[in-house]
Amino acid sequence: MLNTFDVAMCAAREAGGILSHFFDEGFSVRLKGVSDLVTDADVSAERRIAAVIREAFPDHAILGEEENAGDINAEHLWVVDPLDGTTNFAHHIPHFAVSIAYLHHGKAECGVILNPIRDDLYVARRGHGATHNGKPIRVGNQQNLSEVLVGIGFAYDRGAMMEATLAAVGDCFRQQIHGVRRFGTASLDLAHVASGLYGAYFEYQLSPWDFAAGQLLVEEAGGVVTTCDGQSPPIKKTTLLASNGLLHDQLLPIVRQHMLPS
Ligand code: IPD
Ligand code: CA
Ligand code: CA
């Protein structure tokens, strides 16, 4: 009998194949909102992931970005971003990923993040650590912001949230960080924290499918993930701060200060 981890891996591999195919052969792009793109690849990949999950676990709920609005309170919940980094994909930048997490009673039990172009696979299983292409990963051990890169992301917003992000970035630079990076794929940004490439990452608006797998990856790699005001992230749109743990208390006041009122 298949377990949830095997199913997550199988679904990620199949979706990765679909994304690679569209990436090589071409796709059409349309706008979901201002600057928020979607392609044929997003939809096809999510359909395949949902089919793989439903075949193995017909009674499980699926919350996917494109087509599946599963009940977030379900005992068994899959949280799926079929293509994280659509803007990169649409501009032919090979930095994007499939992100799949399985949650039991709201708690992530396993997460898989796959960049099919680079064949980069990140895996986390609760209590069993985190790996990158089969090798264990750990967050960095830097104790000062002046020793690290900080990953950031901008939601599809060109107003107050963008300004808030820029203000927080300014404050980070004033702490003498080595730099900020904005690579455009939240799940891989979290993987960079888990691997110790970034000391931290924050964004003022993410959806559960952007971070469910990555949050478990960071936690299993020894890091900390909260909202930008220090709460446990909910399974809905939220702010997010991930760090190596040692830097969390230095960053929280900065990202909290610029958060928009909810
Ligand atoms: C987006 C990416 C991006 C982040 C956005 C997300 P999508 O996901 O993860 O890095 O900054 O907030 O919405 O739309 O490409 O799946
Ligand atoms: Ca996403
Ligand atoms: Ca997406």
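Sequence order sets the numbering: in each chain, residues are counted from 1 along the sequence as written. In the order they appear in the text, chains get letters beginning with A and ligands get numbers beginning with 1. Restriction of local features to residues with pLDDT of at least 70 applies here, the model being predicted, together with a cutoff of 80 or more for giving and counting side-chain atom pairs; totals for whole chains, interfaces and linings are based on all residues. Note: side-chain values were computed over all heavy atoms of the structure, leaving out hydrogens and water.

Colleague: Can you help me understand the packing of helix H4 (residues 160-174) against helix H7 (residues 248-258) in this one?
Modeller: When two helices pack together, their arrangement is given by the angle between their axes and by how far apart the axes lie. Only C-alpha atoms enter the line fits that serve as axes; for helices the fit covers just the stretch in contact. Angles between N-to-C directions range over 0 to 180 degrees. Only runs of H or I of at least four residues qualify as helices and only runs of E of at least two qualify as strands under DSSP, and these elements are numbered from the N terminus. At a minimum axis separation of 8 Å, H4 and H7 run at an interaxial angle of 150°. Judged on the interaxial angle alone, H7 and H4 are roughly antiparallel. Between H4 and H7 lies a crossing of right-handed hand. Residue-level inspection shows Ala164, Ala167, Ala168, Asp171 and Cys172 of H4 in contact with H7, the latter providing Leu251, Ile254, Gln257 and His258. Roughly parallel means an angle under 35 degrees; roughly antiparallel means over 145; roughly perpendicular covers 65 to 115; every other angle is labelled oblique. In a left-handed crossing the near helix is turned counterclockwise from the far helix by less than a right angle, and in a right-handed crossing that turn is clockwise. Any pair of residues with heavy atoms lying within 4.5 Å of one another is described as a contacting pair.

Colleague: Looking at this model, I keep getting lost on the domain arrangement of the protein chain. Mind explaining?
Modeller: It is common to give the size of an interface as the accessible area lost on bringing the parts into contact. Annotation comment: domain bounds sourced from an automatic or database domain assignment. Looking at the protein chain, the domain boundaries give domain 1 (4-136) and domain 2 (145-257). Between domain 1 and domain 2, the C-alpha centre-to-centre distance is 20 Å. Between domain 1 and domain 2, the contact holds 40 residues from the first and 23 residues from the second. When the buried surface of domain 1 facing domain 2 is broken down by residue, His95, Ile113 and Tyr122 rank first, second and third, together holding 22% of it. A carboxyl oxygen of Asp or Glu within 4 Å of a side-chain nitrogen of Lys or Arg is what we treat as a salt bridge. On the surface where domain 1 and domain 2 come into contact, there are 0 salt bridges. Identification of polar contacts relies on pairs of N or O atoms within 3.5 Å, with a donor-acceptor requirement for protein atoms, meaning one able to donate a hydrogen and the other able to accept it, and with residues adjacent in sequence counted only if both atoms are side-chain atoms. Our count for the domain 1 to domain 2 interface comes out at 7 residue pairs in polar contact (both at pLDDT 80 or more). A simple way to read buried area is as the amount of 1.4 Å-probe accessible surface that goes missing from two parts once joined, with both sides added.

Colleague: How should I be thinking about the pairing of strand S2 (residues 36-39) in this particular structure?
Modeller: The two faces of a sheet get side chains in turn, since along a regular strand they alternate between them. Categorising residues by exposure relies on relative accessible area from a 1.4 Å probe, with only protein chains included: less than 20% of the type maximum marks a residue as buried, more than 50% marks it as exposed, and the intermediate range marks it as partly exposed. Residues Asp36 and Val38 of S2 are buried on one face, and the alternating residues Leu37 and Thr39, pointing to the opposite face, are buried as well. The sheet contact formed by strand S1 (residues 29-33) and S2 spans 4 bridges and is antiparallel. In the strand pairing of S2, glycine 33 is matched with aspartate 36. The turn linking S1 back onto S2 is made up of 2 residues, and serine 35 within it adopts a positive phi angle of 65°. Two strands qualify as a pair provided DSSP detects at least 2 bridges between them.

Colleague: What is the right way to look at the coordination of the calcium ion (ligand 3) in this model?
Modeller: Think of it this way: four donors in a tetrahedron around the metal ideally sit 109.5 degrees apart, and six in an octahedron ideally sit 90 or 180 degrees apart. On the protein side, the calcium ion (ligand 3) has Glu65 (OE), Asp81 (OD), Asp81 (OD) and Leu83 (O) as donor atoms, found 2.2 to 3.2 Å from it. On the primary sequence, the residues serving as donors to the calcium ion (ligand 3) are separated as E-x15-D-x1-L. Here the term donor refers to an N, O or S atom within 2.8 Å of the metal (or 3.2 Å for Na, K and Ca), and because water is left out of the atoms, sites may appear incomplete. Metal-to-metal, the separation of the calcium ion (ligand 3) and the calcium ion (ligand 2) is 3.7 Å; aspartate 81 coordinates the two. The burial state of aspartate 81 is the same as that of leucine 83; both residues are buried.

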